[in-house]
Amino acid sequence: MSLLETLICVADKGSFAAAADQLGVSQAAIGQQMKRLEEKSGQTLFDRSTGRPVLTKSGLDLVARSRVLAQEYREILSPILEDQGLSGELKLGAVPSTLTELVPAAITRLVAANPDLQLRIVSGLSVDLLGQIERGDLDAALTSHPGTLQAGLVWQELAHEALVLISSEPVDTERLKDVLRERPYIRHTRRSDAGRLAENWLAQQRIQLRPAMELESLEAVATMVSHGLGVALVPDICVPNYLFRNLHRVPLGARAGGRTLGLLSRTQDRLTQELVGQLADVILSAQR
């Protein structure tokens, strides 16, 4: 399997040099392994005429078959390791709104059951985390739905967060649109899925705002709102922290839509399945 795993790494990283960095070996060693794989398979897997080796059609076909074999290999080993705790490193990305309650609670459970597991957590907007997943820099990420999936990636839905108006003071639902026109509006960055969702609803309603500020994270937005600096349109966080729970939240209705939150991963192995289970349990407990 080692030669095929190296081939998958080269495909994911895009070059021999990047694969060498990932695997902790020399670039020459990667080249020798790929030459040996070509000899064993009897196929030309890389076009070397342009200087940097590029996967040929035969190479791409073998990468696809290798991914299937690697998954089957993990599934064969899974029953053998079923009674053993998980170990190794999990590189997990997460949108900031999940890092105050949902992720810490789920990770606490995961590590308690698997004390040898090492985790590296990266915070970012969904669009940025998606790129890191596609490049192989992250194993999994808790994000909003990516829309379209790169071949080989796995999406597992966890929660739907409806769009709501948040305010530090009670809001008359009959005057919701007037409140948005009259109060300063605190905008979540339009680079985010949640920010674009709010912008689309506002455009449909043709509401003229009094923009106050634009912030990168939902936590920062909620903090500003809690200080009475304005109102905002945000997803109704499925596992909110104490600050968000204490804000007044006004639903905008089913037509306003919402954010679908889930786990995007490179594989559907035992570790990601256990992580999804812990995340789902935390969400369920918060909704009771």
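Calculation notes
Residues numbered from 1 in each chain as written. Predicted model: local features only at pLDDT ≥ 70, side-chain atom pairs only at ≥ 80, totals over all residues. Heavy atoms only, no water. Helix = DSSP H or I, 4+ residues; strand = E, 2+ residues; numbered from the N terminus. Buried < 20%, exposed > 50% of the residue type's maximum accessible area, 1.4 Å probe, protein only. Contact = heavy atoms within 4.5 Å. Areas by Shrake-Rupley, 256 points an atom, 1.4 Å probe, with all protein chains shown as cover. Lys, Arg positive; Asp, Glu negative; His and termini not counted. Charge placed at Lys NZ, Arg CZ, Asp CG, Glu CD. Expected span 1.5 Å × (residues − 1). Arc of directions from axis to C-beta. Phe/Tyr/Trp six-rings, centres within 6.5 Å; stacked < 30°, edge-to-face > 60°. Core = buried A, V, L, I, M, F, W, Y, C linked by side-chain atoms within 4.5 Å. pLDDT = per-residue confidence, 0-100. Polar contact = N/O pair within 3.5 Å; in protein donor to acceptor, adjacent residues only side chain to side chain. Salt bridge = Lys/Arg side-chain N within 4 Å of Asp/Glu carboxyl O. Axes fitted to C-alpha atoms, helices over the stretch in contact; angles between N-to-C directions. Parallel < 35°, antiparallel > 145°, perpendicular 65-115°, else oblique. Nonpolar A, V, L, I, M, F, W, Y, C, P; charged D, E, K, R; others polar.

## Side note on the overall build of the chain
So, point 1. Assigned secondary structure in the chain consists of 11 helices and 11 strands.
So, point 2. Seen through its principal axes, the chain has C-alpha atoms that stretch 75 × 45 × 30 Å.
So, point 3. Taking all 288 residues of the chain together, the buried fraction comes to 45%.
So, point 4. Restricting the contact set of the chain to residue pairs at least 6 apart, pairs at least 24 apart contribute 74%.
So, point 5. Carbon and sulfur atoms form 50% of the exposed surface of the chain, whose accessible area is close to 14700 Å².
So, point 6. Between the mean site of the 31 positive side-chain charges and the mean site of the 34 negative ones, the chain shows a separation of 5 Å.

## Details of helix H11 (residues 270-287)
So, point 1. Compared with the 26 Å implied by 1.5 Å per residue over 18 residues, the 26 Å span of H11 between its first and last C-alpha is a close match.
So, point 2. All of the buried residues in H11 are Leu-271, Thr-272, Leu-275, Val-276, Gln-278, Leu-279, Val-282 and Ile-283. The arc enclosing the buried residues of H11, seen along the axis, measures out at 165°, which places them on a common side.
So, point 3. If you follow the buried residues of H11, they end up packed against strand S3 (88-94), helix H5 (102-113), strand S4 (117-123), strand S5 (140-144), strand S6 (154-167) and strand S11 (258-265).

## Digging into the packing of aromatic side chains
So, point 1. Inspection of every chain in the model, using the stated rule, returns 1 aromatic pair.
So, point 2. With 5.1 Å between their ring centres and 85° between their planes, Phe-16 and Phe-46 make a pair best called edge-to-face. Of this pair, Phe-16 sits in helix H2 (residues 16-23) while Phe-46 sits in strand S1 (residues 46-47); the two residues are 30 residues apart in sequence, bridging distant segments of the chain. Comparing Phe-16 with Phe-46 shows no difference in burial state: the two are buried.

## Observations concerning the nonpolar core
So, point 1. With 33 residues, the main nonpolar core has Leu-102, Leu-142, Leu-263, Leu-275 and Leu-279 as its most contacted residues.
So, point 2. Mapped by element, the contributors of at least two residues to this core are S3, H5, S4, helix H6 (126-135), S5, S6, S11 and H11.
So, point 3. No other element matches H11, which puts 6 residues into this core.
So, point 4. Residues contacting Leu-275, with those up to four places away along its chain left out, are Leu-90, Leu-92, Ile-107, Leu-110 and Leu-263.
So, point 5. Within the second largest apolar cluster, 18 residues are counted, among which are Leu-163, Leu-180, Leu-197 and Leu-233.

## Considerations on the confidence of the model for the chain
So, point 1. Residues with a pLDDT of 70 or more make up 94% of the chain, whose mean pLDDT is 87.
So, point 2. Within the chain, helix H4 (residues 57-81) has the poorest average pLDDT of any element, 76, and strand S9 (residues 232-235) the best, 96.

## Considerations on the side chain of Ser-217
So, point 1. Among the structural elements, Ser-217 can be located in the loop between strand S8 (210-215) and helix H9 (218-226).
So, point 2. Its relative accessible area of 18% is what places Ser-217 among the buried residues.
So, point 3. Setting aside anything within four residues of it in sequence, one finds Ser-217 in contact with Pro-96 and His-188.

## Considering the side chain of Ser-15
So, point 1. Locating Ser-15 in the fold gives a position in the loop between helix H1 (2-13) and H2.
So, point 2. Classification of Ser-15 as buried rests on a relative accessible area of 15%.
So, point 3. A distance of 3.0 Å separates a polar side-chain atom of Ser-15 from the backbone nitrogen of Ala-18.
So, point 4. Beyond its immediate stretch of four places on either side in the chain, Ser-15 contacts Val-10 and Arg-52.

## Quick notes on the pattern of salt bridges
So, point 1. Overall, the coordinates contain 15 salt bridges when judged by the stated rule.
So, point 2. Here Asp-137 and Lys-13 are joined by a salt bridge, their closest N and O atoms 3.2 Å apart. Here Asp-137, found in the loop between H6 and S5, pairs with Lys-13, found in helix H1; they are 124 residues apart in sequence, far enough to count as distant.
So, point 3. By relative accessible area, Asp-137 is classed as partly exposed at 28%.
So, point 4. The class for Lys-13 is partly exposed, based on a relative accessible area of 21%.
So, point 5. Between Asp-193 and Arg-196 there is a salt bridge; the shortest N-O distance is 2.3 Å.

## Digging into H2
So, point 1. Within the sequence span of H2, burial applies to Phe-16, Ala-19 and Ala-20. Buried residues of H2 fall within an arc of 105° about the axis and therefore sit on the same side.
So, point 2. Positioned one or two residues after H2, Gly-24 has a phi angle of 70°, which is positive.

## Focus: the packing of H2 against helix H3 (residues 27-41)
So, point 1. Relative orientation of the contacting elements H2 and H3 amounts to 110°, with a least axis distance of 8 Å. The angle between the axes of H2 and H3 places the two elements in the roughly perpendicular class. Of the residues in H3, those touching H2 at Phe-16, Ala-17, Ala-19, Ala-20 and Leu-23 are Gln-27, Ile-30, Gly-31 and Met-34.
So, point 2. Residues belonging to the contact of H2 with H3 are distributed by class as follows: 7 nonpolar, 2 polar and no charged.

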